[in-house]
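Structural description and commentary
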Amino acid sequence: MSNDSAVKEFILLGFPALLSVQISLFYTCFVFYLCTVTGNVLIILVTSASTELHTPMYFFLSNLSFLEIFYTSVTIPNMLLNFLMKNNSISFSGCLAQMYFFIALGSIECTLLAAMAFDRYIAICNPLHYVTMMNTSTCIMLVCISWISGFIHSMVHTISTVHLNFCSSNSVNQFFCDIPPLLKLACGSTWFNEIILFIVGGVYGLGSCVLTLISYIHIIHTILKIKSKEGQRKAFSTCASHLIVVTLFYLTSFSVYLKPTSKNFSEEEKLVPVVYTVITPTLNPIIYTLRNKEFKSAFWKMMGLG
């Protein structure tokens, strides 16, 4: 891929309206990032060490944790560095690379969440067939499909973006390189890129979201037929954490990518990506493990206290 743009580097503006609290933002985001990495590494270690957690659900959870570490590492370390520097520049190729991996890893998360919802659907709606349907080969296949499709999906957007000309402003009105703010800087028409973003991104994102919703509609329908209130409570508790993660992720993502582009970002719009790049990845380990007796038991055993 090549590009003949006059612009050779971009300036990530970040949050200029919050210059007076840059140091506070640095420490806040650093704590969130540290918690994200620590929590997800802990999940990987515990699920790997405990044979009791060698199940499809924890296999998908380990993959999600592995993904979240790299997903946050694509944007947050560079953002933290920019909080401490006056020159928030990034090279043209560096910007495209950041955008590619950010879109790829975000896309993979969409399909992984759908796979996790499918796993819960089989476990609750077809428990007698769970062992045969969610075998090792099926789980590996679903994870491979997630990773491969995510990188292909991102490649489509990156190729369409790299052929744009950036010949005037190089100030990206965001704290990382992403498709919407880059389209605003392009010279000439960007209608083709917007169509690609809306159709390809929409089909991929909405497709994963619809598959997830279908799984949960069947799950809720099955749970409501359980006569025991205690049985209903346990079943809802099993799926509630995943549903919270899915809702946060999709609502914030769709609000950014599936809407017409405008020439200017408001400060409120610029804060939306903070939810799915900083906050949600930090909440994932807490949501998935806080009320999980199996995981807590395995953790204390690993620490020699169980």
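Residues numbered from 1 in each chain as written. Predicted model: local features only at pLDDT ≥ 70, side-chain atom pairs only at ≥ 80, totals over all residues. Heavy atoms only, no water.

As for the overall build of the protein
- Along the protein, the regular secondary structure elements total 11 helices and 3 strands.
- Going from N to C terminus, the protein has its helices and strands arranged as β-α-α-α-β-α-α-α-β-α-α-α-α-α.
- Within the span of the protein, comprising 306 residues, buried residues form 48% of the whole.
- For the protein, the share of sequence-separated contacts (at least 6 apart) that also reach a separation of at least 24 residues comes to 82%.
- Split by element, the accessible area of the protein, about 15100 Å² in all, is 71% carbon and sulfur. (Helix = DSSP H or I, 4+ residues; strand = E, 2+ residues; numbered from the N terminus. Buried < 20%, exposed > 50% of the residue type's maximum accessible area, 1.4 Å probe, protein only. Contact = heavy atoms within 4.5 Å. Areas by Shrake-Rupley, 256 points an atom, 1.4 Å probe, with all protein chains shown as cover.)

As for the packing of helix H1 (residues 22-49) against helix H11 (residues 293-302)
- Running from amino to carboxyl end, H1 crosses H11 at an angle of 80°, the nearest separation of the two axes being 9 Å. By the criterion of interaxial angle, the relationship of H1 to H11 is roughly perpendicular. Contacts between H1 and H11 involve Leu42, Ile43, Leu45, Val46, Thr47 and Ala49 from the former and Phe295, Ala298, Phe299 and Met302 from the latter.
- Class assignment for the residues of the contact of H1 with H11 results in 9 nonpolar, 1 polar and no charged. (Axes fitted to C-alpha atoms, helices over the stretch in contact; angles between N-to-C directions. Parallel < 35°, antiparallel > 145°, perpendicular 65-115°, else oblique. Nonpolar A, V, L, I, M, F, W, Y, C, P; charged D, E, K, R; others polar.)

Focus on the packing of aromatic side chains
- Counted by the stated rule, this structure contains 17 aromatic pairs.
- Here the aromatic rings of Phe102 and Phe176 are separated by 4.6 Å at their centres, their planes lie at 50°, and the arrangement is tilted. Here Phe102, found in helix H4 (residues 92-125), pairs with Phe176, found in the loop between strand E3 (171-172) and helix H7 (179-185); they are 74 residues apart in sequence, far enough to count as distant. Comparing Phe102 with Phe176 shows no difference in burial state: the two are buried. (Phe/Tyr/Trp six-rings, centres within 6.5 Å; stacked < 30°, edge-to-face > 60°.)

Re the packing of H1 against helix H2 (residues 56-73)
- Contact geometry of H1 with H2 gives a least axis separation of 9 Å together with a crossing angle of 150°. Judged on the interaxial angle alone, H2 and H1 are roughly antiparallel. In this structure, H1 crosses over H2, and the sense of that crossing is left-handed. Between H1 and H2, the contacting residues are Tyr33, Thr36, Val37, Asn40, Val41, Ile43, Ile44 and Thr47 on the first element and Tyr58, Leu61, Ser62, Ser65, Phe66, Glu68, Ile69, Thr72 and Ser73 on the second.
- Counted by class, the contact of H1 with H2 contains 9 nonpolar, 7 polar and 1 charged residues. (Left-handed = near helix turned anticlockwise from the far one by under 90°.)

Some remarks on the pairing of strand E1 (residues 9-12)
- Here E1 shows a buried face lined by Phe10 and Leu12 and an unburied face lined by Glu9 and Ile11.
- Here E1 runs beside strand E2 (residues 89-91); their pairing, made up of 3 bridges, is antiparallel. Looking at E2, one finds that Phe10 is bridged to Ile90.
- Of the strand pairs in this sheet, E1 and E3 are connected by 2 bridges, and their pairing is parallel. Bridge pairing in E3 links Ile11 to Ser171. (Pairing = 2+ DSSP bridges.)

As for the state of the cysteines
- On inspection of all chains with the given rule, the structure shows 1 disulfide.
- A sulfur-sulfur separation of 2.0 Å characterises the disulfide bridge that pairs Cys95 with Cys177. Across the disulfide from Cys95 to Cys177, rotation about the S-S bond amounts to roughly -120°, and the bridge is consequently left-handed. You can see Cys95 sitting in helix H4 and its partner Cys177 sitting in the loop between E3 and H7, a full 82 residues away along the chain. (Disulfide = S-S within 2.5 Å.)

Comments concerning the side chain of Asn88
- Locating Asn88 in the fold gives a position in the loop between helix H3 (76-84) and E2.
- Apart from residues no more than four positions distant in its own chain, Asn88 is found in contact with Phe10, Ile11, Leu12 and Asn82.

Observations regarding a nonpolar patch on the surface
- Together, Val41, Leu42, Leu45, Trp300, Met302, Met303 and Leu305 make up a nonpolar patch on the protein surface, roughly 650 Å² of accessible area in all.
- Of all the secondary-structure elements, those providing two or more residues to the nonpolar patch are H1 and H11.
- Per-element tally for the nonpolar patch: the top contributor is H1, with 3 residues.
- As for its position among the elements, Leu45 is in helix H1.
- Classification of Leu45 as partly exposed rests on a relative accessible area of 47%. (Patch = residues over 30% accessible without salt bridge, like charges linked within 9 Å, V, L, I, M, F, W, Y side chains within 5 Å. Salt bridge = Lys/Arg side-chain N within 4 Å of Asp/Glu carboxyl O.)

Some remarks on H4
- Taking 1.5 Å per residue as the helical rise, H4 with its 34 residues ought to reach 50 Å, and the 49 Å between its terminal C-alpha atoms agrees with that figure.
- Within H4, 26 of the 34 residues are buried, which leaves the element mostly enclosed by the surrounding structure. (Expected span 1.5 Å × (residues − 1).)

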